[in-house]
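Structural overview for review
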Amino acid sequence: MIVLAHVSDVHIDGSDRNTERTAHVMSYVEGLDVSAVIVTGDIADNGAEDEYTIARAALKTRHPSIICPGNHDSREPFRKVMLDSDAADGGAGDPPSSGVLGGASSVVEPINQVLRIPGATIILCDSSIPGRAEGRLDDTTLAWLDDTLAAETGPVFVGMHHPATALGIPYVDGIGLREPERYAAILERHPHVVATLVGHAHTGAATTFANRPHLVAPGVVSTGLPPFECTTQPPVSLDLPPALALHIYDNGQLTTHYRALPLP
């Protein structure tokens, strides 16, 4: 059985609030017997190097882990701090825990990574567009993903920050993944992809894309709300507790549990 702890949108900004919410979630994860921890973007709120220094400490885990950037992140400081890479050479480096392979060769190129654990492979793609809120998988990333999937024979989970399909929250749907059909075409060629794991929406959600599960992690920093729950803009609650997703894959069946973690 494979258990993946899926955390997203911690938005570390130097405030005690966001750091404490992140630490609260990670403390819970540390008490679990999980196969890996996946963090799908928006690590820093402003993409600043000092924010990543805080985030790295807050997201530290004893479990194998893999982290990708989101639209709030900046690739150069992300790569330098989160992946132990010198910005001068732009190498991918290692994240807070070992086992990540792949990555881009330039600080301005997408940060694409692979984590192999017993029984499965996790691939995280960089869907961020520097300076933009919406996402896109560029040609380099799509080619890398296609080649990486072709080399895998077992179950694969693909993750990124931006959802590839609408979630019923117009505010989020307007800044989702652009040209999702290009990603769908890759999934069609690789039936061993179990699911796509994403963030960005700050709400736990489960839907489908390209005939596969498309699973959204809740936000740690806040909770995004659909129109029938909220009429204010942006439709976000800062009062609901942080949460995470727990994906269980066993004998070909995928089950997801969403766990809210009220603060003490």
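Refer to the structure presented above.
Read on for an overview of the structure. From a predicted model like this one, the values you see are computed outputs, not experimental measurements. (Residues numbered from 1 in each chain as written. Predicted model: local features only at pLDDT ≥ 70, side-chain atom pairs only at ≥ 80, totals over all residues. Heavy atoms only, no water.)

All right, on to the pairing of strand E13 (residues 243-250) then. E13 sits mainly inside the fold: 6 of its 8 residues count as buried. Bridge count for strand E1 (residues 2-7) against E13 is 5 bridges, and the pairing is antiparallel. Across the sheet, the residue bridging to Leu4 is His247, located in E13. Here E13 runs beside strand E14 (residues 253-260); their pairing, made up of 8 bridges, is antiparallel. From the neighbouring strand, Ile248 faces E14, where its bridge partner is Thr255. Taking the residues between adjacent antiparallel strands as the criterion, E13 and E14 are bridged by 2 residues, where Asn251 takes a positive phi near 55°. (Buried < 20%, exposed > 50% of the residue type's maximum accessible area, 1.4 Å probe, protein only. Helix = DSSP H or I, 4+ residues; strand = E, 2+ residues; numbered from the N terminus. Pairing = 2+ DSSP bridges.)

Applying the stated criterion across every chain, the model contains 9 salt bridges. The shortest N-O distance in the salt bridge between Glu49 and Lys80 comes to 3.4 Å. Of this pair, Glu49 sits in helix H2 (residues 49-58) while Lys80 sits in helix H3 (residues 75-82); the two residues are 31 residues apart in sequence, bridging distant segments of the chain. What makes Lys80 partly exposed here is its relative accessible area of 37%. The closest approach of N and O atoms between Glu152 and Arg116, which form a salt bridge, is 2.8 Å. One end of the pair, Glu152, is in the loop between helix H4 (139-150) and strand E7 (156-159); the other, Arg116, is in strand E5 (residues 113-117), with 36 residues separating them in the sequence. The exposure class assigned to Glu152 is buried, which follows from its relative accessible area of 12%. (Salt bridge = Lys/Arg side-chain N within 4 Å of Asp/Glu carboxyl O.)

Once that is clear, we can look at the nonpolar core. Among the nonpolar cores identified, the biggest contains 27 residues, and Val7, Ile43, Leu59, Phe78, Met82 and Leu244 are the most heavily contacted of them. Counting residues per element, the ones that place at least two in this core are E1, helix H1 (16-30), strand E2 (36-40), H2, H3 and E13. (Core = buried A, V, L, I, M, F, W, Y, C linked by side-chain atoms within 4.5 Å.)

Looking at the element boundaries, Ser222 is found in the loop between strand E10 (212-216) and strand E11 (223-224). In this structure, the C-alpha to C-alpha distance between Ser222 and Ile43, residues 179 residues apart in sequence, is 13 Å. Engagement of the side chain of Ser222 in a polar contact is seen with the side chain of His202, the distance being 2.8 Å. (Polar contact = N/O pair within 3.5 Å; in protein donor to acceptor, adjacent residues only side chain to side chain.)

In this section: the side chain of Thr203. Mapped onto the secondary structure, Thr203 falls in the loop between strand E8 (193-198) and strand E9 (205-209). Sequence-distant contacts of Thr203, that is, excluding residues within four places in its chain, are made with Ile169, Val216, Ala217, Pro218, Gly219 and Gly224. (Contact = heavy atoms within 4.5 Å.)

What follows deals with the packing of H2 against H3. Where H2 contacts H3, the axes come no closer than 9 Å and their chain directions differ by 35°. Read as a crossing pair, H2 and H3 show a hand that is right-handed. Seen from H2, the contacting residues are Glu49, Tyr52, Thr53, Ala55 and Arg56; seen from H3, they are Pro77, Phe78, Lys80, Val81 and Met82. (Axes fitted to C-alpha atoms, helices over the stretch in contact; angles between N-to-C directions. Left-handed = near helix turned anticlockwise from the far one by under 90°.)

Taken as a whole and judged by the stated rule, the model has 3 aromatic pairs. For the pair Tyr52 and Phe78, a centre-to-centre distance of 5.8 Å together with 80° between the ring planes defines the contact as edge-to-face. Remark: Phe78 occurs in helix H3 and Tyr52 occurs in helix H2; sequence separation between them is 26 residues. Residues Tyr52 and Phe78 agree in their burial class; the two are buried. Relative to Phe209, the ring of Tyr183 lies with its centre 5.8 Å away and its plane at 5°, an arrangement referred to as stacked. Taken together, the residues span a long stretch of sequence, with Tyr183 in helix H6 (residues 180-189) and Phe209 in strand E9 at a distance of 26 residues. (Phe/Tyr/Trp six-rings, centres within 6.5 Å; stacked < 30°, edge-to-face > 60°.)

That's the geometry; what it means functionally is another story.
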